[in-house]
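Observations on chain architecture
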Amino acid sequence: MKIIVAGEAKEVKDGLTIAQLLIDEQVETPEYVTVTVNDDFIDSSKFEITNLQENDTVEFLYYMGGGRYVVY
Amino acid sequence: MSFTNEQLERYSRHIILKEIGAKGQKKLLNAKVLIIGAGGLGAPTAMYLAAAGVGTIGIADADEVDLSNLQRQIIHATKDLGKPKVQSAKETMNDLNPDVQVNTYHTFMTSENIREIIRDYDFVIDGTDNFPAKFLINDACVMEKKPFSHAGIIRFKGQLMTYVPGEGPCYRCVFKDPPPKDAVPTCKQAGVVGAMGGVIGSLQAMEAIKYIVGKGQLLTGYLLTYDALTMEFRKIKLPHNTENCPVCGTHPTITQLIDYEQAECDGAL
Ligand SMILES: [Zn+2]
């Protein structure tokens, strides 16, 4: 099925979970990323059980603090 | 209040813009903006706002100017090493524009002092470099009903969003909690390209100016991200549903400010 991830169309397997998408997209720190699907925030506790649907639009929003102390 | 001849000349490039004009310039001269952090982001923001004739600028920072700051914090110069950043920033702003009243706060922002400080201002700039400060600023601005510009920069990337009470999500709607102090897998030195502060800090100044003159669209309900390596800007629409937010939602659970602890890495600067 086709989904849009960070503005780009991708072909992924049907029913892909958000948790798997985070792995496939090689998101380095999945614990510090906010995920939205079609204009909704998805709670991180639901990443494993949320199956994406055809034409879903997914965005990853990254925590971005500053360079002073820590990279998360 | 009418303009002096010197002001007419100084602000002529604003005054001829139909979106600003004499009316907008007066609004700028009457406006009060607080910049929290006189570092990579705060430096260009402060300089552009001072040059623009924002009448009162507050600048808050507890640090002194260090040699490693000068790669990006262009409001400070080599002669300022060791000086409080707020002092150095005030001198640069007043050199640029003696019209500006600069208030300095040589202190850390905490749950004890932040609400009282921001209360005096029309718009707040988050130019800080750490999560505890960013969440503190967000929550304080929500509680005091103050608009603010959030930004973060790291390596070759930057992002910003604007909060206006009642007009879209706050920072905590998007990023629920700071990363926990003890859950950090690795500490690395991050680094940031100096010009990144210039790009993103200037965009923060632009948001403040638009808010004050009341023109254009703000980054409310959007996160603007910038990747310097790919040279891509993305304006990402944020969910509009803020009901469940613990601070700006309909039933807030955070009603007192929180002083989070910052995880620190030895020797990283
Ligand atoms: Zn919120």
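The preceding data block contains the structure.
Our subject in this report is the structure included herewith. Starting from 1, residues in each chain are numbered consecutively following that chain's sequence as written. Each chain gets a letter, beginning with A, and each ligand a number, beginning with 1, in the order they are written. Totals for whole chains, interfaces and linings use every residue, but because this is a predicted model, local features are given only for residues with pLDDT of at least 70 and side-chain atom pairs only at 80 or more, for both listing and counting. As a convention, hydrogens and water are excluded, and side-chain values are obtained from all of the structure's heavy atoms.

Quick look at the pattern of salt bridges
Oppositely charged side chains can form a pair if their charged atoms are brought close together. Here, a salt bridge means any side-chain nitrogen of Lys or Arg that lies within 4 Å of a carboxyl oxygen of Asp or Glu. Under the criterion given, the structure shown has 15 salt bridges over all chains. When the shortest N-O distance is used, the salt bridge between Lys237 of chain B and Asp39 of chain A registers 3.5 Å. Of this pair, Lys237 of chain B sits in strand E8 (residues 232–237) while Asp39 of chain A sits in the loop between strand E3 (33–37) and strand E4 (40–42), placing the two residues on different chains. By relative accessible area, Lys237 of chain B is classed as partly exposed at 43%. A 1.4 Å probe rolled over the protein chains alone gives each residue an accessible area, and that area as a share of the maximum for its type sets the label: buried under 20%, exposed over 50%, partly exposed in between. For Asp39 of chain A, a relative accessible area of 36% corresponds to the partly exposed category. Between Asp80 of chain B and Lys83 of chain B there is a salt bridge, with its nearest N and O atoms 2.9 Å apart. Counting from the N terminus, the helices are the DSSP runs of H or I reaching at least four residues and the strands are the DSSP runs of E reaching at least two.

Considerations on the pairing of strand E1 (residues 32–36) of chain B
Residues and elements named next belong to chain B. Within E1, 4 of the 5 residues are buried, which leaves it mostly tucked inside the rest of the structure. A strand pair is defined by DSSP finding two or more bridges across the two strands. Here E1 pairs with strand E2 (residues 56–60) via 5 bridges, running parallel. Its bridge partner lying in E2, Ile35 is registered against Ile59. By the bridge criterion, 4 bridges tie E1 to strand E4 (residues 123–126) in an arrangement that is parallel. Paired with Ile35 across the two strands is Ile125, which belongs to E4.

Description of the packing of helix H3 (residues 21–30) of chain B against helix H9 (residues 194–213) of chain B
All names here are of chain B. Look at H3 against H9: their axes get within 9 Å of each other, and the N-to-C directions meet at 110°. The angle between the axes of H3 and H9 places the two elements in the roughly perpendicular class. As H3 packs across H9, the resulting crossing turns out to be right-handed. Packed against H3, whose contacting residues are Gly24, Lys27 and Leu28, the element H9 presents Ile209, Ile212 and Val213 at the interface. We call Asp, Glu, Lys and Arg charged. Ala, Val, Leu, Ile, Met, Phe, Trp, Tyr, Cys and Pro are nonpolar, and the rest, Gly among them, are polar. In the contact of H3 with H9, the residues fall into 4 nonpolar, 1 polar and 1 charged. Lines fitted to C-alpha atoms define the axes, with helix axes restricted to the stretch in contact, and inter-axis angles between N-to-C directions lie between 0 and 180 degrees. Should an angle fall under 35 degrees it is taken as roughly parallel, and over 145 as roughly antiparallel, whereas 65 to 115 is taken as roughly perpendicular and any remaining angle as oblique. A clockwise turn of the near helix away from the far one marks a right-handed crossing, whereas an anticlockwise turn of less than a right angle marks a left-handed crossing. Contact between two residues is taken to exist if any of their heavy atoms lie within 4.5 Å; hydrogens are not considered.

Some remarks on H3 of chain B
Residue and element names in this part refer to chain B. Residues of H3 that are buried: Gly21, Gly24, Gln25, Leu28 and Leu29. Down the axis of H3, the buried side of the element spans an arc of 145°, and every buried residue falls inside it. Among the exposed residues of H3, those pointing more than 90 degrees away from its buried face are Lys23 and Asn30. Contacts from the buried residues of H3 go to helix H1 (5–10), helix H2 (12–15) and H9. The arc under discussion is defined with respect to the helix axis, by the directions toward the C-beta atoms.

As for the coordination of the zinc ion
Angles between donor atoms at a metal ideally measure 109.5 degrees for a four-coordinate tetrahedral arrangement and either 90 or 180 degrees for a six-coordinate octahedral one. All names here are of chain B. A 2.8 Å cut-off from the metal defines N, O and S donors, relaxed to 3.2 Å for Na, K and Ca; water is not in the atom list, so some sites may appear incomplete. Taken together, Cys170 (SG), Cys173 (SG), Cys245 (SG) and Cys248 (SG) make up the protein donors of the zinc ion, found 2.2 to 2.3 Å from the metal. Around the zinc ion sit 4 donor atoms, and with donor-metal-donor angles ranging over 96 to 120° the site reads as tetrahedral. Site description for the zinc ion: donor spacing in sequence, C-x2-C-x71-C-x2-C. Residue Cys173 is found in helix H8 (residues 171–174), and its partner Cys248 is found in the segment after E8; the two are separated by 75 residues along the sequence. Here a site with four donors is tetrahedral if all angles are between 85 and 135 degrees, and a site with four or six donors is square planar or octahedral if opposite donors are over 155 degrees apart and the other angles are between 65 and 115; anything else gets the irregular label.

So, the packing of helix H4 (residues 42–51) of chain B against H9 of chain B
Residue and element names in this part refer to chain B. Orientation of H4 relative to H9, taken along the N-to-C sense of each, is 40°, at an axis distance of 7 Å. Classified by the angle between their axes, H4 and H9 sit oblique to one another. Regarding H4 and H9, the two cross each other, and that crossing is right-handed. From H4, Pro44, Thr45, Tyr48 and Leu49 reach across to H9, where they touch Gly197, Gly198, Gly201, Ser202, Gln204, Ala205, Ala208 and Ile209. When its residues are assigned to classes, the contact of H4 with H9 shows 6 nonpolar, 6 polar and no charged.

Looking at the nonpolar core
All names here are of chain B. In this description, a nonpolar core means a group of buried Ala, Val, Leu, Ile, Met, Phe, Trp, Tyr and Cys residues linked to one another through side-chain atoms lying within 4.5 Å. In this structure, Leu34, Ile114 and Val124 are the most contacted members of the largest nonpolar core, which totals 36 residues. The set of elements that each furnish at least two residues to this core consists of E1, helix H6 (114–118), helix H7 (131–144), strand E6 (157–163) and H8. Looking at this core, the element that brings in the most residues is H7, giving 8 residues. In this view, Leu34 contacts Gly58, Ile59, Tyr105, Ile117, Ile118, Tyr121, Phe123, Val124 and Ile125; residues no more than four positions away in its chain are not counted. Formed by 27 residues, the second largest nonpolar core is a distinct cluster that contains Val100, Phe123, Ala208 and Ile212.

Regarding a nonpolar patch on the surface
Here a patch means residues that are over 30% exposed by relative accessible area and free of salt bridges, tied together within 9 Å if like-charged and within 5 Å if nonpolar (Val, Leu, Ile, Met, Phe, Trp, Tyr). Shrake-Rupley sampling with a 1.4 Å probe provides the accessible areas, and residues are treated as covered by the protein chains on show and by no other component. A contiguous nonpolar surface patch, about 270 Å² in accessible area, is contributed by Phe156, Val193 and Leu229 of chain B. Mapping Leu229 of chain B onto the fold places it in the loop between strand E7 (222–227) and E8.

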